[in-house]
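Descriptive analysis of the structure
Read off the chains here:
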Amino acid sequence: MARFFRTFPMIAALAVLLVFPMFGQIFYTELVAKTLILAIFAMSLDLLVGYTGLVSFGHAAYFGIAAYAVALLTPAGAVNAIWWVLPASVLAAALAALVIGVFVLRTKGIYFIMVTLAFAQMAFFLFHDTDLGGGSDGIFLNSKPTVTVFGQQALSLENPTHIYYFVLALTVTVYLLLRWLLKTSFGHILIGIRSNEHRMVAMGYNTFHYKLAIFTIAGALAGLAGFLQVVLTGFVTPEMLAWHQSGNVLLVVILGGIGTLIGPVLGAFTFVALQEFAQGLVARWQLVMGIFVILVVFALPGGLAAIPARLRRRLVKGGGE
Amino acid sequence: MDIVSLLIQTLNAVQYGLVLFLVASGLTLIFGIMRIINLAHGSFYMIGAYMAFGLSSGITETLPAMIAVGLILSFFIGFVLEWAFYAFLYQREHLEQVLLTYGLILVFEELRSILFGNDVLGVPVPEALAGSIPLTDTLSYPVYLIFISVACLIMAGLLYYLIRHTRLGMMIRAGSHDRNMVQALGINIDLLFRIVFAIGFMLAAFSGMISAPMTSVSPGMGNQVLIISFVVVVIGGIGSVGGAMVAAMVIAFADVFGKLLVPAYAGMFVYLVMALVLLWRPEGIFRKG
Amino acid sequence: MTEMLRDVLLEARGLTRHFGGLAANSNVSVTLRRGEIHALLGPNGAGKSTFINMLSGDLPPSSGTILLKGDDITALPAHRRSRIGIGRSFQRTNIFPTFTVRENCVLAAQSRQQQPGSIFTPPLRNEAVVARSREVMALSGLDHCSSQVAGTLSHGEQRQLEIAMVLATNPLVLLLDEPLAGMGAEESSRMVDLLARLRRDHAILLVEHDMDAVFALGDVITVLVNGELLESGPPAQIKASPAVRSAYLGEDEETGHV
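Residues numbered from 1 in each chain as written. Chains lettered and ligands numbered in written order. Predicted model: local features only at pLDDT ≥ 70, side-chain atom pairs only at ≥ 80, totals over all residues. Heavy atoms only, no water.

A word on the overall build of chain A
Regarding its fold elements, chain A presents 12 helices and 4 strands. Here the C-alpha radius of gyration of chain A, 20 Å, is about what a compact globule of 321 residues would show, namely 20 Å. Here the C-alpha coordinates of chain A stretch approximately 55 × 50 × 45 Å along the principal axes. The proportion of buried residues among the 321 residues of chain A is 60%. (Helix = DSSP H or I, 4+ residues; strand = E, 2+ residues; numbered from the N terminus. Rg over C-alpha atoms; globule rule 2.2 N^0.38 Å. Buried < 20%, exposed > 50% of the residue type's maximum accessible area, 1.4 Å probe, protein only.)

Below, the structure is given as structure tokens:
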């Protein structure tokens, strides 16, 4: 019975999301699509922050690298099938995460936060200063990838509604995939690393390998979000790798509550709603956002140390929701 | 490249390194002693620069007066900031510290925008220091840049003296090792940390202040300084002021000569150095306990 | 008649560890044999923790070698040492407080099964892992509270969990750092029984302050003072040694566990 009360709201929400584009304007369809992309981005970061205890302040790097990969790999005039563009861009992000992970995972605590930020800045400058990515203006996509199945066009990524359903499908897929992953022993190992890494090592786990694995997976998923973002908007700029982006997605994860997988999704909707609200009302929405962030930190009951209580409840129920 | 140009670039690197050192030393003090990760440190630098703009616009005239007012003002602001926001962050998780100081960055940016607008502003070089030292027939080196280096060296010397040879410095060093013990000895640790933080703020603001006539005063100027200071602290080791000096020089030279040798990739060069250091010593070159 | 020497499992030769100018351990050699409980005694600050940390791989020695069944493992990192059969329990309870007792043991047992086939399944579906965790919970007397969240256990029960987790990794050599610390009389005697039973198939290094337990269990006793090996031998020899008496036993007779 309790199960019903947990899953029913999610099914209901999903139903709303499914029919919503038929009633709303294009603007809102795109807005919700952007929110879902942010949700994927945030879920990927939650793997690191909420489950493994790795506070990465440079997660936007993989988001942006995948987006640039799409733009750079799809020259004008060619027909680019999504079947290779999507994997290629996600792979680019994953490779970047793997390489950077080898460096940053040698550090812990404060150092880790700082070096993840620094490497993201490095990527930012790579695209901002050099000719590689069109400089500070970014790149417009020549054409969006085609989605053809057996020669027939299945989706048109020029159509916002099609993009919306594509994004929704992927969001649900990512959610289910991660829910499965976190229920396996691998997921418990990650939580163990967050809880007591020293003991994990003493028990015979090569924690570096596991951290690198999840860092790469998280990077790949951030890349997926980046792919979707560039397909939705049609262009990519260095701002996608800016540390404001990394800060915002971290905030989204916190807003939704650490220790759950649906949290980042809720956080994404909360964040976008807030942004729309603040931007609509107040000229200086960044001030509102800043004050809000500060208040959130002050208001967290028991601080983030209260998080273990949540994790406890989750695990005792057998993991996942 | 001939000797004179080399000399000029070296002087530039030294000056950049010293400014970086001051900013980074404040950061490493706050990290090392108070265990707080402070993303807003770059904003402190920016506040100093805008302070210079404000002070030079007629409030005070002479350079010594400007510096004195600036130092006192920044110490006071740092003191209040710690009391209002940072005292809350002790013993808190890194994530909370990151978020709160990130929120502060946003607030500072907006306050700056409200008070000073979004244009790039200029701060005039004080007249007494406005000249140049001729090096060759065609090349000369601005006196003010030398002044910056000298001022930073003096500050660094004062910092060293404070930490090594005063009772306050001793308490700071003791407090970084064992907070409870220091408290048990009757020393007001809250006040001590507040002073340490104010010093850290002051160092960053001072750097921004004296650099202002040379760099422009613009939105977002704090961000880049912040990241580079992080790199300096990572390379030098948290808590090590000596390490910060070495690292700041390494970074400064890498940056200045990197721009000469590989201009397009100069921005990345610094991070490459950091990556190499990380491979060799993940805890920084001079890591303290 | 010479005693039959049992298998040498773990051997530490001349282990030395400096911290700056201070020598926490100087040239300490210890041999751990199967079927033997080797107790390590010494006043606070004698270097016992440093020594255990060097054996478990948490601290690299400044000089000296460590051999497991004749193989040099001095350079092996901590997680590898666990994999080859060195299990270590901690003085300050080092469990996963937000997991249940069962989950703690399962996580420990899972460490022996890290192949992709095993880790991408839910932990409770892995029969070998579940069986092993059931075994160790029974061994350490925790089967009645297997669903309890570890952080809510009593101190004594947490120490029992500490041991259960080490056992779940199927170690050959047990490095036990004050397993009896903070335990009541009944729990202590249960633990002593357990250790006596474990003796048969393992080599055990026991760091303990509880004198009664040490002399009841120890087959060999090594005394460390100021980082140096003062004396090593059977309990009777140690008890009778005047050097040991003055350096250590004298002061501890008052504080020893009754």
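Back to the text.
Points about the interface of chain A and chain C
Chain A puts 26 residues into the contact, and the matching count from chain C is 32 residues. Interface of chain A and chain C: buried area, both sides summed, is about 2,500 Å²; carbon and sulfur atoms make up 62% of it. Of the charged contacts in the structure, one is a salt bridge between C:Glu162 and A:Arg199, with a shortest N-O distance of 2.9 Å. Across the contact surface, chain A and chain C share 19 residue pairs in polar contact (both at pLDDT 80 or more). (Contact = heavy atoms within 4.5 Å. Buried area = accessible area lost by both parts, 1.4 Å probe. Salt bridge = Lys/Arg side-chain N within 4 Å of Asp/Glu carboxyl O. Polar contact = N/O pair within 3.5 Å; in protein donor to acceptor, adjacent residues only side chain to side chain.)

Here's the deal with the domain arrangement of chain C
When the parts of a complex come together, some accessible area is lost, and that lost area is often used as the size of the interface. Residue and element names in this part refer to chain C. Assigned domains of chain C: these are domain 1 (1-85 + 171-258) and domain 2 (94-170). The distance between the C-alpha centroids of domain 1 and domain 2 comes to 26 Å. Opposite the 18 residues of domain 1 that make contact, domain 2 presents 16 residues. When the buried surface of domain 1 facing domain 2 is broken down by residue, Arg-83, Pro-171 and Leu-194 rank first, second and third, together holding 35% of it. Where domain 1 packs against domain 2, one counts 0 salt bridges. Viewed at the interface, domain 2 and domain 1 are joined by 4 residue pairs in polar contact (both at pLDDT 80 or more). Only helix 2 (78-83), strand 7 (173-177) and helix 7 (185-198) provide two or more residues apiece to the side of domain 1 that touches domain 2. Broken down by element, the residue count for the side of domain 1 that touches domain 2 peaks at 6 residues, all from helix 7. When its residues are assigned to classes, the side of domain 1 that touches domain 2 shows 10 nonpolar, 2 polar and 6 charged. (Domains from an automatic or database assignment. Nonpolar A, V, L, I, M, F, W, Y, C, P; charged D, E, K, R; others polar.)

Regarding helix 6 (residues 155-168) of chain C
Residues and elements named next belong to chain C. The first and last C-alpha atoms of helix 6 sit 20 Å apart over 14 residues, in line with the 20 Å expected at 1.5 Å per residue. Summarising burial for helix 6: 13 of the 14 residues are buried, a large majority. Residue Asn-170 follows helix 6 closely and has a positive phi angle near 50°. (Expected span 1.5 Å × (residues − 1).)

Thoughts on the interface of chain A and chain B
Every contact between the two is made by 44 residues of chain A and, on the other side, 48 residues of chain B. Summed over both sides, the interface between chain A and chain B buries roughly 4,300 Å², with carbon and sulfur atoms accounting for 80% of that surface. Linking chain A to chain B there are 0 salt bridges. For the interface between chain A and chain B, the tally reads 2 residue pairs in polar contact (both at pLDDT 80 or more). Among the elements of the structure, helix 5 (109-129), helix 9 (243-256) and helix 11 (285-299) of chain A are those that each provide at least two residues to the side of chain A that touches chain B.

Focus: unusual backbone geometry
The phi angle of most residues is negative, glycine excepted, and most peptide bonds adopt the trans form. All names here are of chain C. You will see that Lys-69, though not glycine, has its phi angle at about 50°, which is positive. Relative to the helices and strands, Lys-69 is located in the loop between strand 4 (63-68) and strand 5 (71-72). A positive phi angle, near 50°, is found at Asn-226, a position not held by glycine. Given the relative accessible area of 62%, Asn-226 is considered exposed.

Regarding the pattern of salt bridges
Note on pairing: side chains with opposite charge can pair once their charged atoms come close. All names here are of chain C. Counted according to the given criterion, the structure contains 14 salt bridges over all chains. Between Arg-13 and Glu-11 there is a salt bridge; the shortest N-O distance is 2.8 Å. Look at Arg-13 and you get partly exposed, because its relative accessible area is 44%. We classify Glu-11 as partly exposed; its relative accessible area is 21%. The shortest N-O distance in the salt bridge between Arg-88 and Asp-58 comes to 3.2 Å. Highlighted residues: Arg-88 in strand 6 (residues 86-89) and Asp-58 in the loop between helix 1 (48-56) and strand 4, separated in sequence by 30 residues. Owing to a relative accessible area of 28%, Asp-58 belongs among the partly exposed residues under this scheme.

With respect to the confidence of the model for chain C
All names here are of chain C. Looking at chain C as a whole, the pLDDT averages 88, with 94% of positions reaching at least 70. At the level of individual helices and strands, chain C shows its lowest average pLDDT in helix 10 (residues 242-255), which scores 66, and its highest in helix 2, which scores 95. Overall fold confidence for the complex sits at a pTM of 0.88, while the interface term, ipTM, reaches 0.89. (pLDDT = per-residue confidence, 0-100.)

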